[in-house]
Amino acid sequence: QVRIVESGGGLVQAGGSLRLSCAGSGITFSTYNMAWYRQPPGKQRELVAALNSGGDTNYVDSVKGRFTISRDNTKNTVYLQMNNLKPEDTAVYYCWAYYSGRGSYWGQGTQVTVSS
């Protein structure tokens, strides 16, 4: 059974930092490409950052220089370090594991709220 579980969300003041974690089980974690998405209230889900199995990263322009995606394959975990948070970063953050031909999996999401 595949499980993707996010943690680390919470309430933080603008300018603060949070680190999200996403633990995967039931998959060969190191071979999966991983990504973080977010869905602000009343808006569509959007890609925030991606990290493929080879170590290449990609970020949406609005978080470049502030967010960092990384992974520890020994712990089957991907992280999203978020610095200098802004109120517009408020959203439910979702972890996504995908592998072409094997399918993709979503976590349940974790709430991040940034107060001004």
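Conventions adopted
Residues numbered from 1 in each chain as written. Predicted model: local features only at pLDDT ≥ 70, side-chain atom pairs only at ≥ 80, totals over all residues. Heavy atoms only, no water. Pairing = 2+ DSSP bridges. Helix = DSSP H or I, 4+ residues; strand = E, 2+ residues; numbered from the N terminus. Axes fitted to C-alpha atoms, helices over the stretch in contact; angles between N-to-C directions. Disulfide = S-S within 2.5 Å. Buried < 20%, exposed > 50% of the residue type's maximum accessible area, 1.4 Å probe, protein only.

1. As for the sheet that holds strand β1 (residues 3-7)
Reading across the sheet, the four strands line up as β1-β3-β8-β7 and stay open at both edges, with antiparallel pairing between neighbours. Every interior strand has two partners, whereas the edge strands, β1 and β7 (67-72), have only one. Neighbour-to-neighbour, the strand axes of this sheet turn through a mean angle of 15°, independent of strand direction. Here β1 runs beside strand β3 (residues 18-25); their pairing, made up of five bridges, is antiparallel. Across the sheet, Glu-6 pairs through a bridge with Cys-22, a residue of β3.

2. Observations concerning the state of the cysteines
Across all of its chains, the model carries one disulfide by this definition. Linked covalently through their sulfurs, Cys-22 and Cys-95 form a disulfide whose S-S length is 2.0 Å. The sign of the S-S torsion, about -80°, decides the handedness of the disulfide formed by Cys-22 and Cys-95: left-handed. Here Cys-22 is found in strand β3, whereas its partner Cys-95 is found in strand β9 (residues 91-99), with 73 residues between them in sequence. An identical accessibility class is assigned to Cys-22 and Cys-95; each is buried.

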